[in-house]
Amino acid sequence: MCGIIGYVGQRKAEPLLVEGLRRLEYRGYDSAGLATLQGACLHLRKCAGRVADLARHLRERPAPGGLGIGHTRWATHGPATDTNAHPHASTDGRVVVVHNGVIENYAMLRRGLEAGGVVFRSDTDTEVIAQLIAHHLADDLMAATHTALARLQGSYAVAVLSPCNPGMLIGASSGAPLVVGLGQGEYFLASDPGALAGITDEVVFLQERQMCALGADSWQMFDDARQHVPVNIEAISSTAIVTEKGDFEHYMLKEIYEQPLALKSALHMRLDPGTHGFAGMEGDESLLRADRLLLTACGTSYHAALLGKYLFEELARIPVEVEYASEFRYRNPPTDPRTLVVAISQSGETADTLAALRQAKLRGHPTLAVCNVTNSTLAREADGMVPLRAGPEIGVASTKAFTCQVAVLTALALQMARTRQLSERDAARIAQEIATLPDAVRDALECQDAVRRVAERYCRVDNFLYLGRQYLYPLALEGALKMKEISYIHAEGYPAAEMKHGPLALVDADTPSVFFLSRGHVYDKVMSNLEEVKARGGPVIAVACNGCDEAAARADEILYVPEVSDYLQPLVSAVPVQLLAYHIALLRDCDVDKPRNLAKSVTVE
Ligand code: G6P
């Protein structure tokens, strides 16, 4: 996790670094800091808290100079304190470092340095890097950095500066992304090209174990053997700029309301099963001829993958396995190398998902990324890439990316079904059904007032249960995750029938159960599960489509959504649960867009 920004050029570094940090804050927001050089004079400013706190601090004590590095942190080693905030300087002040990733052998390195008399100030693994570079530094910062990095195990993207080499900014990357932004007489470093959008149009991604040395009027890239390497300059689009909230109080609410439009864009030209390819897909489309799939992802994207299993197996009759990326990366399951491994990720930077993709490639699997950020590491490393086209998602709790992921998987399943057993007539009917989705989601948004009333009634409880079956089971997991993430209420999602094997023991008058109902073939079964909860005095909130009269009569609260085909229902029924988590979080005074302890992009294991 964490965000890195660096600048060297003729302009003042500080405002550029602060702006970059604001854009990177989604990667971590428990502390922030920057260091600049004005000649050989080092200015180091850092504090626990948000980038806004750092900016306030800088108004009192500016950091002058035309070269600098900045960082926004998500704590891994040591709590969020001023001391643990990056940048970290070596005790002798000769080396200053910001770092993303985790140094796995930091404790051993630290002990060695301490035995040699080095005094550490922080609890972080990063400080080891600064101390180690200083330990090796004679007069060549590049050589010392190279030697120090060779001793690290783990992952890093680092930016390094030194008052001893005041015109030089060094970047290096291994297992964590870093890009160089090319300007006119100025250069940037960033852990995410989105931080540079609108500032520069051209970037170069550092490849594994590459380093760069940036000066105000020159730059160079090196490989692990310190040999110059040819560079591949890529264009970035200014649309990656973080958008504003507009009239909405929070990004999350804005993104919930953007869903009809985002779904339209995600499905655009993807519902014509007469065509051979998949619109917008990059890479060889023969990938889609796979006859087995393994879907891998983390967090909300994992729930989209679970829905993907139901969709591909039912619509396309393709067997699918779903694995948490963090589990898959350390397993060696006996998979057929012809199985297409599909990595699903909003950001395309989630460390575990990336590692799972790399493992899959190592084992000879063809790979496909389903990704919102199209120039992300995942999108670039997979053999093929399907963009979500959901637009930037800023709120930490994923909403529109989730529904767009499921919509894209649905369209992909339809496409793959058509190249297999599905008749043209059935395909056309399904395509028509899917095309109604954006409007159905728009209508679902009308439940907002009803949701707010339910939120007021239940915002003080300690536990929630979310229950659904078939297509609505993965949504139960996602509903519970939304509630946990932003309201800090414990919530569990379960297949409704599994209740009696344990969770039913949790039911009491203070534990509401959210039941998802559609009028599909398991309606009566879910109604029985609902009765089991009612019989034990548990309040029931039903998310049901118009016409589920029995559910409306038996539930304590009813949130209506439009009725669509059962395989599309989770996309429509997602809206009330996203809004429920949102309104409860508001009523509990939680920071909706930046929930405690979390980050938007999880770039550590
Ligand atoms: C974090 C985010 C979640 C997201 C998960 C996976 O935990 O807070 O919203 O679902 O990472 O992220 P990805 O970018 O790979 O979809």
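Enquirer: I'm lost on the nonpolar core in this one. Help?
Expert: Side chains of a nonpolar character, in soluble globular proteins, are inclined to be buried together. Counting residues in hydrophobic clusters, the biggest one holds 122 residues, and the most contacted among them are L293, F464, Y466, L517 and L580. With 13 residues, helix α12 (residues 400-418) is the largest single contributor of residues to this core. When residues of this core are assigned to domains, at least three fall in each of domain 2 (246-435) and domain 3 (443-605). Those residues within four positions of F464 in sequence are excluded, and the remaining contacts are Y458, M483, I489, H490, A491, E492, P512, V514, I541, L580 and I584. Residues L113, L132, L137 and M142 belong to the second largest nonpolar core, which totals 27 residues.

Enquirer: Can you walk me through the domain arrangement of the chain in this structure?
Expert: Interface size is commonly expressed as the accessible area that is lost once the parts come together. What the domain assignment reports for the chain is domain 1 (2-235), domain 2 (246-435) and domain 3 (443-605). Taken residue by residue, the interface counts 42 residues in domain 2 and 36 residues in domain 3. With both chains or domains summed, domain 2 and domain 3 bury close to 3300 Å², and 64% of this area falls on carbon and sulfur atoms. Counting the contacts that link domain 2 with domain 3 gives 1 salt bridge. In this structure, K600 and E393 form a salt bridge, with 2.6 Å as the shortest nitrogen-oxygen distance. Counting the contacts that link domain 2 with domain 3 gives 16 residue pairs in polar contact (both at pLDDT 80 or more). Counting residues per element, the side of domain 2 that touches domain 3 draws most heavily on helix α8 (residues 299-316), at 9 residues.

Enquirer: When you look at the sheet that holds strand β5 (residues 88-89) in this model, what are you seeing that I'm missing?
Expert: Strand pairing in a sheet takes place through backbone hydrogen bonds and is either antiparallel or parallel in direction. Taken in spatial order, the 6 strands of this open sheet run β5-β6-β7-β8-β12-β13, and their pairing is antiparallel. This sheet does not close on itself; its edge strands, each paired only once, are β5 and β13 (219-222). Pairing analysis gives 4 bridges linking strand β12 (residues 210-214) to β13, with the strands arranged antiparallel. Residue pairing in the sheet places A213 in a bridge with Q220 of β13.

Enquirer: I'm lost on the packing of α12 against helix α19 (residues 569-587) in this one. Help?
Expert: When two helices pack together, you describe them by how their axes are tilted relative to each other and by the distance separating the axes. Where α12 meets α19, the axes come as close as 10 Å, and the angle between the chain directions of the two elements is 170 degrees. Looking at the two axes, α12 sits roughly antiparallel to α19. Taking contact as the criterion, the partners of F402, T403, V406 and A407 in α12 are, on α19, L571, A574 and Q578. When its residues are assigned to classes, the contact of α12 with α19 shows 5 nonpolar, 2 polar and no charged.

Enquirer: Can you walk me through the side chain of T200 in this structure?
Expert: As for its position among the elements, T200 is in the loop between β10 (187-190) and β11 (202-205). A polar atom in the side chain of T200 sits 3.3 Å from the backbone nitrogen of E202.

Enquirer: What should I look at first to understand the environment of R457 in this one?
Expert: Relative to the assigned elements, R457 resides in helix α15 (residues 448-458). Sequence separation between R457 and I584 is 127 residues, and the spatial gap between their C-alpha atoms is 9.4 Å.

Enquirer: Any chance you could explain the packing of helix α7 (residues 259-267) against helix α14 (residues 437-444) here in plain terms?
Expert: It is the contact of α7 with α14, at a shortest axis distance of 8 Å, that shows an interaxial angle of 170 degrees. By the angle between their axes, α7 is roughly antiparallel relative to α14. Mapping the contact onto sequence places Q259, P260, L263, K264 and L267 in α7 and L437, P438, D439, V441 and R442 in α14. When grouped by side-chain class, the residues that make up the contact of α7 with α14 number 6 nonpolar, 1 polar and 3 charged.

Enquirer: Please explain the pairing of strand β4 (residues 67-73) as it appears in this structure.
Expert: Each regular strand displays side chains that alternate between the two surfaces of the sheet. Most of β4 sits out of view: 7 of its 7 residues are buried. Every second residue of β4 is oriented toward a common face, with L67, I69, H71 and R73 on one face and G68, G70 and T72 on the other, all of them buried. As paired strands, strand β1 (residues 3-8) and β4 are joined by 6 bridges and run antiparallel to one another. Paired with G6 across the two strands is I69, which belongs to β4. As paired strands, strand β2 (residues 31-38) and β4 are joined by 7 bridges and run antiparallel to one another. Paired with S31 across the two strands is R73, which belongs to β4.

Enquirer: When you look at the site of the ligand in this model, what are you seeing that I'm missing?
Expert: Around the ligand sit 14 residues in total, of which S301, S345, Q346, S347 and T350 are the nearest. At 2.6 Å from an oxygen atom of the ligand is found a side-chain nitrogen or oxygen belonging to S347. Summarising the interface, the protein chains cover 90% of the accessible area of the ligand, which totals 390 Å² for the free molecule. The residue inventory of the shell around the ligand, partitioned by class, reads 4 nonpolar, 8 polar and 2 charged. Structurally, the shell around the ligand is a two-domain feature, drawing no fewer than three residues from each of domain 2 (246-435) and domain 3 (443-605).

Enquirer: Any chance you could explain the pattern of salt bridges here in plain terms?
Expert: It is possible for side chains of opposite charge to pair when their charged atoms get near one another. On inspection of all chains with the given rule, the structure shows 31 salt bridges. Here R358 and E381 are joined by a salt bridge, their closest N and O atoms 2.8 Å apart. Of the two residues, R358 sits in helix α10 (residues 351-362) while E381 sits in helix α11 (residues 377-381), which places them 23 residues apart along the sequence. What makes R358 partly exposed here is its relative accessible area of 30%. Owing to a relative accessible area of 25%, E381 belongs among the partly exposed residues under this scheme. The partner of R457 in a salt bridge is E557, and the shortest N-O contact between them spans 2.5 Å. Of this pair, R457 sits in helix α15 while E557 sits in strand β24 (residues 557-561); the two residues are 100 residues apart in sequence, bridging distant segments of the chain. A relative accessible area of 9% places E557 in the buried class. Via salt bridges that share partners, K254, E258 and K400 belong to a single interconnected network.

Enquirer: What is the right way to look at the sheet that holds strand β20 (residues 463-468) in this model?
Expert: Spatially, β21-β20-β22-β23-β24 is the arrangement adopted by the 5 strands of the open sheet, whose pairing is parallel. The outermost strands of the open sheet, each flanked by one partner alone, are β21 (490-495) and β24. With strand direction ignored, the average angle separating the axes of adjacent strands in the sheet is 20 degrees. In the sheet, β20 pairs with β21 via 6 bridges, with the strands oriented parallel. Considered in β21, the bridge of L467 is made with Y494. Of the strands in this sheet, β20, β21 and β22 (513-517) touch helix α16 (residues 472-487), which is tilted by about 175 degrees from β21. Strands β22 and β23 (540-545) of the sheet are contacted by helix α17 (residues 523-534), whose axis makes an angle of about 165 degrees with β22.

Enquirer: Sorry if this is basic, but what is going on with unusual backbone geometry here?
Expert: Look at the link from H86 to P87: it is a cis peptide, with omega at 0 degrees. By the secondary structure assignment, P87 is in the loop between β4 and β5. The backbone phi angle of R209 is positive, close to 65 degrees, even though this residue is not glycine. Note on R209: relative accessible area 28%, which makes it partly exposed. Positive phi, normally seen in glycine, also occurs at R226, with a value near 60 degrees. When you line up the elements, R226 lands in the loop between β13 and β14 (234-235).

Rules used throughout
- Residues numbered from 1 in each chain as written.
- Predicted model: local features only at pLDDT ≥ 70, side-chain atom pairs only at ≥ 80, totals over all residues.
- Heavy atoms only, no water.
- Core = buried A, V, L, I, M, F, W, Y, C linked by side-chain atoms within 4.5 Å.
- Buried < 20%, exposed > 50% of the residue type's maximum accessible area, 1.4 Å probe, protein only.
- Helix = DSSP H or I, 4+ residues; strand = E, 2+ residues; numbered from the N terminus.
- Domains from an automatic or database assignment.
- Contact = heavy atoms within 4.5 Å.
- Buried area = accessible area lost by both parts, 1.4 Å probe.
- Salt bridge = Lys/Arg side-chain N within 4 Å of Asp/Glu carboxyl O.
- Polar contact = N/O pair within 3.5 Å; in protein donor to acceptor, adjacent residues only side chain to side chain.
- Pairing = 2+ DSSP bridges.
- Axes fitted to C-alpha atoms, helices over the stretch in contact; angles between N-to-C directions.
- Parallel < 35°, antiparallel > 145°, perpendicular 65-115°, else oblique.
- Nonpolar A, V, L, I, M, F, W, Y, C, P; charged D, E, K, R; others polar.
- Near = heavy atom within 4 Å.
- Areas by Shrake-Rupley, 256 points an atom, 1.4 Å probe, with all protein chains shown as cover.

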